[in-house]
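Examining the three-dimensional arrangement
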Amino acid sequence: DLVRSRGLGDVYKRQPLLMANYIKDNKEKLTLAPGEIDFLANVISSHMGPWTKDYKGNEVLPKPVNKYQKFVHMCDYLASRKFLNINFKENEIVD
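Keep in mind that what you see is a predicted model, and the values were worked out from it rather than measured. (Residues numbered from 1 in each chain as written. Predicted model: local features only at pLDDT ≥ 70, side-chain atom pairs only at ≥ 80, totals over all residues. Heavy atoms only, no water.)

Digging into the environment of Ile23
Among the secondary structure elements, Ile23 is positioned in helix H2 (residues 9–25). Each C-alpha atom of the pair Ile23 and Ile37 lies 7.0 Å from the other, and the pair is 14 residues apart in sequence. Contacts of Ile23, omitting those with residues within four sequence positions, involve Leu30, Ile37 and Ile44. (Helix = DSSP H or I, 4+ residues; strand = E, 2+ residues; numbered from the N terminus. Contact = heavy atoms within 4.5 Å.)

Below, the structure written as structure tokens:
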């Protein structure tokens, strides 16, 4: 596939962990409480759902286990579906 052919498989698959760590590493630039930063890093790191292995079969990501992790995974999954089209105008859903 395109990701593997460009040598991006490792980075692509680990992007949830990279972003979770980025948030933690830059917490002083954010206006979030420490608990909020930990919460966000936790749900981001597991947002890939059941797709937790790299192309070699190694487990590289945590699976969502609590309701918040599962919710974020489902939101991310639905957002990636091409058959769903939701139009917005100024933060409001429009027909």
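Resuming the write-up.
Comments concerning the packing of aromatic side chains
Throughout the structure, instances matching the rule amount to two aromatic pairs. Judged by centre distance (5.4 Å) and plane angle (75 degrees), the rings of Phe39 and Tyr68 are edge-to-face. Residue Phe39 is found in helix H3 (residues 34–45), and its partner Tyr68 is found in helix H4 (residues 67–79); the two are separated by 29 residues along the sequence. On the basis of relative accessibility, which here comes to 43%, the residue Tyr68 falls in the partly exposed class. Here the aromatic rings of Trp51 and Tyr77 are separated by 6.1 Å at their centres, their planes lie at 10 degrees, and the arrangement is stacked. Taken as a pair, Trp51 in the loop between H3 and H4 and Tyr77 in helix H4 lie far apart in primary sequence, 26 residues in all. You can call Tyr77 partly exposed: its relative accessible area is 28%. Directly above the aromatic system of Tyr77 lies the positively charged group of Arg81, at a separation of 4.3 Å from the ring centroid. (Phe/Tyr/Trp six-rings, centres within 6.5 Å; stacked < 30°, edge-to-face > 60°. Buried < 20%, exposed > 50% of the residue type's maximum accessible area, 1.4 Å probe, protein only. Lys NZ or Arg CZ within 6 Å of the ring centre and 35° of its normal.)

A short note on the confidence of the model for the protein
Chain-level statistics for the protein give a pLDDT mean of 84 and a share of 87% at 70 or above. Mean pLDDT across the elements of the protein ranges from a minimum in helix H1 (residues 2–5), with 44, to a maximum in H3, with 94. Every residue in residues 1–6 scores below 50 in pLDDT, and together they form four contacts with partners more than four places removed in sequence or on other chains. (pLDDT = per-residue confidence, 0-100.)

A word on unusual backbone geometry
At Glu90, a position not held by glycine, the phi torsion is positive, near 50 degrees. You can see Glu90 is positioned in the loop between strand S1 (87–89) and strand S2 (92–94). Taking the relative accessible area as the measure of exposure, Glu90 reaches 73% and is therefore exposed. We note that Asn91 has phi near 65 degrees; this positive angle belongs to a residue other than glycine.

A short note on the packing of H3 against H4
Put simply, H3 and H4 touch, their axes get as near as 8 Å, and they point 55 degrees apart. In terms of orientation, H3 and H4 fall into the oblique class. The way H3 lies across H4 gives a crossing that is right-handed. Counting all contacts with H3, which are made through Phe39, Asn42 and Val43, the residues of H4 involved are Tyr68, Gln69 and Val72. Its residues assigned to classes, the contact of H3 with H4 shows four nonpolar, two polar and no charged. (Axes fitted to C-alpha atoms, helices over the stretch in contact; angles between N-to-C directions. Parallel < 35°, antiparallel > 145°, perpendicular 65-115°, else oblique. Left-handed = near helix turned anticlockwise from the far one by under 90°. Nonpolar A, V, L, I, M, F, W, Y, C, P; charged D, E, K, R; others polar.)

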